Amino acid sequence: MVKYERNYLTEVSMKIEFEKDPRIIEEDCIKVFKEIFAEEFASTGFEKSIFKNGQFYNNLWVFQKRDKEINLRDSSLELIYDIGAIPKDFNEVINDVTLIREALIENCIGETKYMGLRYINEINPSIKVEDWNEWINPDLVNLNFKTENSKLIRGMSKYEYEIDNFNINFQFGQYNINYPSPIIHDNFILDYEVYINYEETMYLKKHAREMHEIITEFFEKSIGDKLRENMGIIE
């Protein structure tokens, strides 16, 4: 598997959904979560109502350590790594998934309705990109239809795939953070989400690895030699 000196990841997250169970956010269960998460997620807090990640949440327990956190509700759990805490080695993610699996099983959550792993890459090199076809697979670049006098202000596409028991949502293109103004910065989004519906909690770790491998394969297929050179191939 190819490794790089640097990457353009802006977020890595994992979401798990299960049948609604109000006891999960009550003190007896939270005590178990706190004990298991103690070393990796020492800071704990309860939010009755909070606006996070573009939406409102009610009755949310937050377990934090620097720039990574676990958000727990009575029907879902989300593990989020912000840009300052994204692991260079996926085994660090697996360590956190192992804790999550243990905590859910200890609290009698034996099945999940959904498990998804998402990687968002914002390719924004420090040098000006003259031709994205050298950086990104041309099959992903040459979709931006326009007329002679028009200027692209946003161009995003979404493909959906199926591999074995997994589903993949792949979004890509020039998102343009200054929308609706014209594009003035060189950036290209590669956003991968791999998920599976209905599984036994005991397989979370195994499926996390498989999802990571799928995303890695998609990423390598998505990029060009110029980006590989820019990121610096280690092996």
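Description of the structure in this document. (Residues numbered from 1 in each chain as written. Predicted model: local features only at pLDDT ≥ 70, side-chain atom pairs only at ≥ 80, totals over all residues. Heavy atoms only, no water.)

**Let's talk about the pattern of salt bridges**
Alright, step 1. Evaluation of the coordinates by the stated rule reveals 12 salt bridges.
Alright, step 2. Note that arginine 6 and glutamate 5 form a salt bridge whose closest N and O atoms lie 3.3 Å from each other.
Alright, step 3. Residue lysine 158 pairs with glutamate 160 through a salt bridge whose shortest N-O separation is 3.9 Å.
Alright, step 4. Using a relative accessible area of 46% as the deciding quantity, one classes lysine 158 as partly exposed.
Alright, step 5. Salt bridges sharing common partners tie together Glu40, Lys65, Lys68 and Asp96. (Salt bridge = Lys/Arg side-chain N within 4 Å of Asp/Glu carboxyl O. Buried < 20%, exposed > 50% of the residue type's maximum accessible area, 1.4 Å probe, protein only.)

**Some remarks on the environment of leucine 204**
Alright, step 1. Assignment of secondary structure puts leucine 204 in helix α4 (residues 204–222).
Alright, step 2. When its relative accessible area of 0% is taken as the criterion, leucine 204 is described as buried.
Alright, step 3. Beyond its immediate stretch of four places on either side in the chain, leucine 204 contacts Ile16, Val97, Arg101, Leu104, Thr112, Met115 and Glu199. (Helix = DSSP H or I, 4+ residues; strand = E, 2+ residues; numbered from the N terminus. Contact = heavy atoms within 4.5 Å.)

**Concerning unusual backbone geometry**
Alright, step 1. One non-glycine residue, aspartate 164, adopts positive backbone phi at about 50°.
Alright, step 2. On the accessibility criterion, aspartate 164 (69% relative accessible area) is exposed.
Alright, step 3. Of note, tyrosine 198 is a non-glycine position whose phi angle comes to about 55°, a positive value.
Alright, step 4. Of note, tyrosine 198 is situated in strand β9 (residues 188–200).

**Description of the pairing of β9**
Alright, step 1. Taken together, the 12 bridges between strand β6 (residues 111–123) and β9 define a ladder with antiparallel strand orientation. Looking across to β9, one finds that isoleucine 123 is bridged to phenylalanine 188.
Alright, step 2. In the sheet, strand β8 (residues 166–174) pairs with β9 via seven bridges, with the strands oriented antiparallel. Bridging across to β9, asparagine 169 finds its partner in glutamate 193. (Pairing = 2+ DSSP bridges.)

**Some points on the packing of helix α1 (residues 27–37) against helix α2 (residues 90–106)**
Alright, step 1. Close contact between α1 and α2 brings their axes to 9 Å; oriented N to C, the two are set at 155°. When the axes of α1 and α2 are compared, the pair comes out roughly antiparallel. Judged by the sense of rotation from one axis to the other, the crossing of α1 with α2 is right-handed. The segment α1 lies against α2, with Val32, Phe33, Ile36 and Phe37 engaging Leu99, Ile100, Glu102, Ala103, Leu104 and Glu106.
Alright, step 2. In terms of residue class, the contact of α1 with α2 is built from eight nonpolar, no polar and two charged. (Axes fitted to C-alpha atoms, helices over the stretch in contact; angles between N-to-C directions. Parallel < 35°, antiparallel > 145°, perpendicular 65-115°, else oblique. Left-handed = near helix turned anticlockwise from the far one by under 90°. Nonpolar A, V, L, I, M, F, W, Y, C, P; charged D, E, K, R; others polar.)

**Brief notes about the nonpolar core**
Alright, step 1. Membership of the largest hydrophobic core comes to 62 residues, with the highest contact counts inside it found for Phe33, Phe37, Ile136 and Leu190.
Alright, step 2. If one sorts the elements of this core by residue count, α2 sits on top with eight residues.
Alright, step 3. When sequence neighbours within four positions are dropped, the list of residues in contact with leucine 190 reads Tyr119, Ile120, Asn121, Ile123, Ile136, Leu140, Phe170, Gln171, Phe172, Phe219, Ser222 and Ile223. (Core = buried A, V, L, I, M, F, W, Y, C linked by side-chain atoms within 4.5 Å.)

**Looking at the packing of α2 against α4**
Alright, step 1. Axis separation between α2 and α4 bottoms out at 9 Å; the angle between their running directions is 150°. The angle between α2 and α4 falls in the class roughly antiparallel. Viewed along their axes, α2 and α4 form a crossing whose handedness is right-handed. Touching Phe90, Asn91, Ile94, Val97, Thr98, Arg101 and Leu104 of α2 are Leu204, Lys205, Ala208, Arg209 and His212, all from α4.
Alright, step 2. Residues of the contact of α2 with α4, tallied by class, amount to six nonpolar, three polar and three charged.

**Here we look at the packing of aromatic side chains**
Alright, step 1. Tallied over the full model, the rule gives 14 aromatic pairs.
Alright, step 2. Measuring from ring centre to ring centre gives 6.3 Å for phenylalanine 170 and phenylalanine 218, while their planes differ by 80°; the resulting arrangement is edge-to-face. Here phenylalanine 170, found in strand β8, pairs with phenylalanine 218, found in helix α4; they are 48 residues apart in sequence, far enough to count as distant. Accessibility classification places phenylalanine 170 together with phenylalanine 218 in one group, the buried group.
Alright, step 3. Grouping aromatic residues by their ring pairs yields a cluster made of Tyr159, Tyr161, Phe170, Phe172, Tyr192, Phe218 and Phe219.
Alright, step 4. Its end group placed over the ring of tyrosine 175, arginine 154 keeps NZ or CZ at 4.0 Å from the ring centre.
Alright, step 5. Cation over ring: arginine 154 sits above tyrosine 179, and NZ or CZ is 4.0 Å from the ring centre. (Phe/Tyr/Trp six-rings, centres within 6.5 Å; stacked < 30°, edge-to-face > 60°. Lys NZ or Arg CZ within 6 Å of the ring centre and 35° of its normal.)

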